[in-house]
Amino acid sequence: MTKLVTIFGGSGFVGRYIAQKLAADGWRVRVAVRRPNEALHVRHYGVVGQVEPVFCNIRDDASVTAVMTGADAVVNCVGTFDRKGRNNFGAVQHEGAERVARIAAEHGVGTMVHISALGIENDERSEYAASKRLGEAGVLQHLPSAMILRPSVIFGPEDGFFNRFASLTRMGPFLPLVGGSTMFQPVYVEDVALAAVKGVNGEAQGTYELGGPEAKSLRDWVGVVMEEVNRKKIVVKLPMFMGKIMAWGFDLVQTLSLGLFKNGLVTRDQVKQLGTDNVVSEGAKTLADLGIKPVAAESVVDSYLWRYRPTGQYEAIRDSAKNLKI
């Protein structure tokens, strides 16, 4: 009989790639999300009836139990950048992750893959990192054999890293940057999905730190983005204290607007995170230990950042036309 896997957050950026690969491996996939009607696209990841979105609120025991019933494995991809509200750091990344592991253990689901984050052990200031650490501890308390994946910032067509900076290059001659010297080691979303699949298939256990083949400062990665989108901007490296003031202002406006204004630039907690390098630590188990060769960001980002170029997909044609001799 075909095995069943429940993926919490399986319609999100990382989850959808994991769902596709598991479906291709023959798994029946149950995609647990808060809004199933907005996740109908996952049905196309397999044959009819193989991949189905179902309702689940990770903050509710009964809801998590319902989608766990009959599952042979579980993957938790749920995360948040919301510090406040019902779906805050603690409720989702700590209590939610622990709830999934506890109920999985209670129902005899011995295989679990939990998506955490890189650098959280060294980040003692941000609430985001604290909730991730507590989430890992909660998972391992109930399922010591669980696979923990700690990716650096994840890149791919739907990412919030390279796309964000590419979008900012279209706004004025200056590009303000907080934490420009902080190191990042972006990892390809397909590589993260491959790692998760190995865990679901029982090929690996333990904690793995996932990073790409190259680590650069945030300023240097912004330089890669500007080169890809053919835009030149004056990068203004702001000191941390200035970043904190800006973030405080953005957060205040969001609070006063009762959430109508969404802070899409930088939050106070994100500024705290920028004080810690986001790279694979020495001695950690990595993609190489899983037999996965990491894909370089520069070999992929041009396939989706083209839309931020001055003339979009026609940029290359325009450049080649300059060389025509009449």
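Computed from a prediction, not measured in an experiment: that's the story for all the values here.

**Things to note about the overall build of the protein chain**
Part 1 of the argument: Within the protein chain, the secondary structure is distributed over 11 helices and 13 strands.
Part 2 of the argument: For the protein chain, the C-alpha radius of gyration of 21 Å lies close to 20 Å, the compact-globule estimate for 326 residues.
Part 3 of the argument: In terms of principal-axis extent, the alpha carbons of the protein chain reach across some 70 × 50 × 45 Å.
Part 4 of the argument: By residue count, 48% of the 326 residues in the protein chain fall in the buried class.
Part 5 of the argument: Taking the contacts inside the protein chain whose residues are at least 6 apart along the sequence as the reference set, 75% of them involve residues at least 24 apart.

**Points about the environment of Thr6**
Part 1 of the argument: Within the secondary structure layout, Thr6 lies in strand S1 (residues 4-8).
Part 2 of the argument: For Thr6, a relative accessible area of 0% puts it in the buried group.
Part 3 of the argument: Sequence separation of Thr6 and Lys21 is 15 residues, and the distance between their C-alpha atoms is 14 Å.
Part 4 of the argument: Aside from chain neighbours lying at most four places away, what touches Thr6 is Arg30, Ala32, Val67, Met68, Ala71, Ala73, Val74 and Val75.

**Quick notes on the packing of helix H2 (residues 61-68) against helix H3 (residues 89-106)**
Part 1 of the argument: Two elements in contact, H2 and H3, have axes separated by 10 Å at closest approach and are oriented at 55 degrees. Classified by the interaxial angle, the pair formed by H2 and H3 is oblique. In the packing of H2 onto H3, the handedness of the crossing is right-handed. Contact residues: H2 offers Asp61, Val64, Thr65 and Met68, while H3 offers Arg99, Val100, Arg102, Ile103 and Ala104.
Part 2 of the argument: Looking at the contact of H2 with H3, its residues break down into five nonpolar, one polar and three charged.

**A few points about the nonpolar core**
Across soluble globular proteins, nonpolar side chains show a tendency to be buried alongside one another.
Part 1 of the argument: With 67 residues, the main nonpolar core has Val5, Ile7, Ile18, Leu22, Val29, Leu149 and Phe162 as its most contacted residues.
Part 2 of the argument: Counting residues in each nonpolar core, the second largest holds 19 residues, with Ile58, Val64, Val100 and Ala146 among its members.

**Quick word on the pattern of salt bridges**
Part 1 of the argument: Within the structure shown, the criterion is met by 14 salt bridges.
Part 2 of the argument: The partner of Asp61 in a salt bridge is Arg102, and the shortest N-O contact between them spans 3.0 Å. Residue Asp61 is found in helix H2, and its partner Arg102 is found in helix H3; the two are separated by 41 residues along the sequence.
Part 3 of the argument: Since its relative accessible area comes to 24%, Arg102 is described here as partly exposed.
Part 4 of the argument: Taking the shortest distance from any N to any O, the salt bridge between Glu228 and Arg309 comes out at 3.9 Å. Of this pair, Glu228 sits in helix H7 (residues 218-229) while Arg309 is found in the loop between helix H10 (302-305) and helix H11 (315-321), placing the two residues 81 residues apart along the sequence.
Part 5 of the argument: Take Glu228: its relative accessible area is 16%, and that puts it in the buried class.
Part 6 of the argument: Each of Asp61, Arg99, Arg102 and Glu106 takes part in a single network of salt bridges with overlapping partners.

**A word on the side chain of Asn76**
Part 1 of the argument: In this structure, Asn76 sits in strand S4 (residues 73-76).
Part 2 of the argument: At 3.3 Å, the side chain of Asn76 and the backbone nitrogen of Val78 are in polar contact.
Part 3 of the argument: Among the polar contacts made by the side chain of Asn76, one reaches the side chain of His114 at a distance of 3.1 Å.
Part 4 of the argument: With residues near it in sequence (within four places) discarded, Asn76 still touches Phe8, Ile58, Ala97, Met112, Val113, His114 and Ile115.

**Considering the sheet that holds strand S2 (residues 28-33)**
Part 1 of the argument: Pairing is parallel across the open sheet formed by seven strands, whose spatial order is S3-S2-S1-S4-S5-S6-S11. Single-partner strands in this sheet number two, and they are strand S3 (51-55) and strand S11 (206-210). Taken pair by pair, the neighbouring strands of this sheet meet at an average axis angle of 20 degrees, ignoring direction.
Part 2 of the argument: Relative to strand S5 (residues 111-115), S4 runs parallel, the two being bridged by four bridges. Looking at S5, one finds that Ala73 is bridged to Thr111.
Part 3 of the argument: In the packing of helix H4 (residues 127-142) onto the sheet, the strands contacted are S5 and strand S6 (147-151), and the crossing angle to S5 comes to about 175 degrees.

**Quick word on the packing of aromatic side chains**
Part 1 of the argument: A complete count under the given rule lists nine aromatic pairs for this structure.
Part 2 of the argument: Ring geometry for Phe13 and Tyr17: centres 6.3 Å apart, planes at 85 degrees, overall edge-to-face. Here the residue Phe13 and the residue Tyr17 both occupy positions in helix H1 (residues 13-24), the gap between them amounting to four residues, near one helical turn.
Part 3 of the argument: Here Tyr17 falls in the buried class, since its relative accessible area comes to 11%.
Part 4 of the argument: Each ring, one from Phe161 and one from Phe165, has its centre 5.7 Å from the other, and the planes form 85 degrees; the classification is edge-to-face.
Part 5 of the argument: Members of the aromatic cluster, connected to one another through ring pairs, are Phe155, Phe161, Phe162, Phe165, Phe184, Tyr188 and Trp221.
Part 6 of the argument: Note that Lys216 overlies the ring of Trp221, its terminal NZ or CZ placed 5.0 Å from the centroid.

Rules used throughout
Residues numbered from 1 in each chain as written. Predicted model: local features only at pLDDT ≥ 70, side-chain atom pairs only at ≥ 80, totals over all residues. Heavy atoms only, no water. Helix = DSSP H or I, 4+ residues; strand = E, 2+ residues; numbered from the N terminus. Rg over C-alpha atoms; globule rule 2.2 N^0.38 Å. Buried < 20%, exposed > 50% of the residue type's maximum accessible area, 1.4 Å probe, protein only. Contact = heavy atoms within 4.5 Å. Axes fitted to C-alpha atoms, helices over the stretch in contact; angles between N-to-C directions. Parallel < 35°, antiparallel > 145°, perpendicular 65-115°, else oblique. Left-handed = near helix turned anticlockwise from the far one by under 90°. Nonpolar A, V, L, I, M, F, W, Y, C, P; charged D, E, K, R; others polar. Core = buried A, V, L, I, M, F, W, Y, C linked by side-chain atoms within 4.5 Å. Salt bridge = Lys/Arg side-chain N within 4 Å of Asp/Glu carboxyl O. Polar contact = N/O pair within 3.5 Å; in protein donor to acceptor, adjacent residues only side chain to side chain. Pairing = 2+ DSSP bridges. Phe/Tyr/Trp six-rings, centres within 6.5 Å; stacked < 30°, edge-to-face > 60°. Lys NZ or Arg CZ within 6 Å of the ring centre and 35° of its normal.

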